[in-house]
Amino acid sequence: MTGYRDAQDPVPDGAADQPAGEHGMSRRQLMRHAGWFGGAVVLTVAAGEVTSRIAGPRGTGAEAVAATGGALRFVQVSDSHIGFHGPANTDVAGSFTKAIDQVNALGFRPDFVMHSGDLTHLSTADQFDQVRQMMTRLRTDRVFTVPGEHDSIGDAGRAYRQIFGSGTLGDGWYSFDTHGVHFVALVNTLSLEKLGHLGTEQIDFVRKDLSGLSSDTPIVVFSHIPLFAMYPQWGWSTDDALKVIALLRRFSSVTCLNGHVHQLFTKTEGNITFHSATTTAYPLPKPGRAPAPTPQVVPARQLKAALGIRTVGYRQGDRELAVKDERLA
Amino acid sequence: MSGVAVTIRNFAFSPATLKVPVGTTVTWTDQDTDTHTVTSTGSGGPLHSPALATHATYSYRFTTPGTYAYLCTIHPFMTAEVEVTR
């Protein structure tokens, strides 16, 4: 939505490999998108906001998927930064509460909710406890998380794993299957050196984890920091991600969902589509548009429009997942 | 021995390369509105500040010669080093 609004502007350094077409979606992305719905997609532009809707009675995104039983529907929320105090958002807990309310009012019960990191701002025990308690209100079967760098300050993620790491491997990574989709949740916010980092132990895990899967299994990969080079100068990339990307190449449909950059961005590379999610806390500047990725202070109405949640739907047998971003109501 | 200051401002450590003799205590001060850390690059390094809020400081006394690379774990593109000489 807001991320797409300016997406036709040139973005430095690899963030805009795809030629931007109508409203920042490349022609190819648009066609893939339309292909998924198997019908016409109408891009509605209102007040600078681009919303994709299916022409016809089937509803949008995950709701459309819901019309056929047995479909997968999940939600991604990101970068709640509980504990942040600053003019960019004086009430991050209130914003996250609104995001949770919006998830609970979707009109369907998501199979799970994934929080893709920076649950807290400073990794304190109080902040972890607060965000954990807040997420118990989510009406869903399961809440998953991956850690952000703000969740591993000073202790390499130990406090995070104590609360959110049960049943995970290594430094907190894991995988699971549901509705015919294989999900991999990665940790790339530890051992940072300028960029996100996965490490050999985790890459070995991914290799073994994917080895038994048939190439037509849809794969979804979660990480906090993008696995693609969105803007390395600000650390918006993962230095050893190509080793995982190489393992994902043989699959016909791969969707990588990340947070960290506090803005929407989509990029397709062959069989792999990357979707950066927005935040529920405060916007960050577009790549290179400010001296540093500092929290952006914007008018209240603009702030609300910059924050949001993401719903994702998938029908077994289809090739692509339907990703839909909604601003906070 | 004398103390030396490093300022954290505009998402950068200043000076980015600091040369000090053994025994020097270096003090980092966060002058940003954002929180930062002073953390040794890789494992085994001596620098492990907590999260430094605005105006917070962190000090470390270097007792062994060498080059000490460090970064902010929250914004790891912020890198710098301290060169400690005899």
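This text follows the structure it describes.
Residues numbered from 1 in each chain as written. Chains lettered and ligands numbered in written order. Predicted model: local features only at pLDDT ≥ 70, side-chain atom pairs only at ≥ 80, totals over all residues. Heavy atoms only, no water.

### Considerations on the overall build of chain B
Thinking step 1. From N to C terminus, chain B includes zero helices and eight strands.
Thinking step 2. What you see for chain B is a C-alpha radius of gyration of 12 Å, in line with the 12 Å of a compact globule of 86 residues.
Thinking step 3. Evaluated residue by residue, chain B yields a buried proportion of 45% over its 86 residues.
Thinking step 4. Counting contacts in chain B only where the partners sit at least 6 residues apart, residues at least 24 apart contribute 48% of the total.
Thinking step 5. Summed over its atoms, the accessible surface of chain B is roughly 3900 Å², and 50% of this surface lies on carbon and sulfur atoms.
Thinking step 6. Computing the positive centroid from 4 side-chain charges and the negative centroid from 5, chain B places the two 15 Å apart. (Helix = DSSP H or I, 4+ residues; strand = E, 2+ residues; numbered from the N terminus. Rg over C-alpha atoms; globule rule 2.2 N^0.38 Å. Buried < 20%, exposed > 50% of the residue type's maximum accessible area, 1.4 Å probe, protein only. Contact = heavy atoms within 4.5 Å. Areas by Shrake-Rupley, 256 points an atom, 1.4 Å probe, with all protein chains shown as cover. Lys, Arg positive; Asp, Glu negative; His and termini not counted. Charge placed at Lys NZ, Arg CZ, Asp CG, Glu CD.)

### So, the interface of chain A and chain B
Thinking step 1. With 14 residues of chain A at the contact, the number on the chain B side is 13 residues.
Thinking step 2. Of the roughly 1200 Å² buried at the junction of chain A and chain B (both faces included), carbon and sulfur atoms supply 69%.
Thinking step 3. Interface area lost by chain A to chain B is led by Ile153, Leu192 and Lys194 of chain A, which between them contribute 36%.
Thinking step 4. The tally of links between chain A and chain B comes to zero salt bridges.
Thinking step 5. At the boundary of chain A and chain B, one finds two residue pairs in polar contact (both at pLDDT 80 or more).
Thinking step 6. Here the residues of the side of chain A that touches chain B are counted per class, giving seven nonpolar, four polar and three charged. (Buried area = accessible area lost by both parts, 1.4 Å probe. Salt bridge = Lys/Arg side-chain N within 4 Å of Asp/Glu carboxyl O. Polar contact = N/O pair within 3.5 Å; in protein donor to acceptor, adjacent residues only side chain to side chain. Nonpolar A, V, L, I, M, F, W, Y, C, P; charged D, E, K, R; others polar.)

### Re helix 4 (residues 92–104) of chain A
Residue and element names in this part refer to chain A.
Thinking step 1. Helix length check: helix 4 (13 residues) gives 18 Å between terminal C-alpha atoms against 18 Å at 1.5 Å per residue, within 8%.
Thinking step 2. Turning to helix 4, its buried residues number three or more, namely Val92, Gly94, Ser95, Phe96, Ala99, Ile100, Gln102, Val103 and Asn104.
Thinking step 3. Those residues of helix 4 hidden inside the fold are in contact with strand 3 (72–77), strand 4 (112–115), helix 5 (125–135), strand 12 (308–314) and strand 13 (322–327). (Expected span 1.5 Å × (residues − 1).)

### Side note on the nonpolar core
Thinking step 1. Core analysis: the largest hydrophobic core is formed by 59 residues, its most contacted members being Phe96 and Leu248 of chain A.
Thinking step 2. Here this core gets five residues from one element, more than from any other, and that element is helix 4 of chain A.
Thinking step 3. What Leu248 of chain A contacts, discounting residues up to four positions off in sequence, is Leu210, Ile219, Val221, Val254, Asn271 and Ile272 of chain A.
Thinking step 4. Listed in part, the 24 residues of the second largest apolar core include Val6, Val20, Leu47 and Tyr58 of chain B. (Core = buried A, V, L, I, M, F, W, Y, C linked by side-chain atoms within 4.5 Å.)

### What to know about the sheet that holds strand 7 (residues 66–71) of chain B
Residue and element names in this part refer to chain B.
Thinking step 1. Pairing within the open sheet is mixed, and its four strands lie in the order 3-8-7-5. Each edge of the open sheet carries a strand with a single partner, namely strand 3 (17–21) and strand 5 (39–40).
Thinking step 2. Relative to strand 7, strand 5 runs antiparallel, the two being bridged by two bridges. Residue pairing for strand 7: Ser40 is matched across the bridge by Tyr70. (Pairing = 2+ DSSP bridges.)

### Let's talk about the pairing of strand 8 (residues 79–85) of chain B
Residues and elements named next belong to chain B.
Thinking step 1. Burial along strand 8 is one-sided: the residues Ala80, Val82 and Val84 are buried and none of Thr79, Glu81, Glu83 and Thr85 is.
Thinking step 2. Note that strand 3 and strand 8 share five bridges and pair parallel. Pairing of Pro21 across the sheet is with Thr85, part of strand 8.
Thinking step 3. The pairing of strand 7 with strand 8 spans six bridges and is antiparallel. When the bridges of strand 8 are listed, Ala69 appears paired with Glu81.

### Here we look at the environment of Lys304 of chain A
Residue and element names in this part refer to chain A.
Thinking step 1. Following the sequence through the fold, Lys304 ends up in helix 9 (residues 300–306).
Thinking step 2. In sequence terms Lys304 and Pro283 are 21 residues apart; their C-alpha atoms lie 9.7 Å from each other.
Thinking step 3. In contact with Lys304, other than residues within four places in its own chain, are Arg327, Leu328 and Ala329.

### Quick notes on helix 5 of chain A
Residue and element names in this part refer to chain A.
Thinking step 1. By the burial criterion, the buried members of helix 5 are Gln127, Phe128, Val131, Met134 and Met135. Each buried residue of helix 5 sits inside an arc of 130° when the element is viewed along its axis, so together they form one side. Facing away from the buried side of helix 5 by over 90 degrees, the exposed positions are Ala125 and Asp126.
Thinking step 2. The secondary structure elements touched by the buried residues of helix 5 are helix 4, strand 4, strand 5 (143–145) and helix 6 (158–164). (Arc of directions from axis to C-beta.)

### A few points about the pairing of strand 9 (residues 254–258) of chain A
All names here are of chain A.
Thinking step 1. Judged by how many residues are buried, strand 9 sits mostly within the fold: five of five residues are covered.
Thinking step 2. What you see with strand 9 is no split at all: Val254, Cys256 and Asn258 on one side and Thr255 and Leu257 on the other are buried throughout.
Thinking step 3. Read from strand 8 (residues 219–223) through helix 8 (residues 241–248) to strand 9, the crossover connection turns out right-handed.
Thinking step 4. Taken together, the five bridges between strand 9 and strand 11 (residues 272–276) define a ladder with parallel strand orientation. Paired with Val254 across the two strands is Ile272, which belongs to strand 11. (Right-handed = clockwise from strand over helix to strand, strands pointing away.)

### Things to note about the pattern of salt bridges
Residue and element names in this part refer to chain A.
Thinking step 1. The final tally for this structure, using the stated rule, is 10 salt bridges over all chains.
Thinking step 2. Here Lys267 makes a salt bridge to Glu269, at a shortest N to O gap of 3.7 Å.
Thinking step 3. Its relative accessible area of 3% is what places Lys267 among the buried residues.
Thinking step 4. Across the pair Arg319 and Glu320 runs a salt bridge whose closest N-O atoms are separated by 3.1 Å.
Thinking step 5. A residue is classified by how much of its surface remains accessible, and Glu320, at 14% relative accessible area, is buried.
Thinking step 6. One continuous salt-bridge network, built from bridges that share partners, spans Arg249, Lys267 and Glu269.

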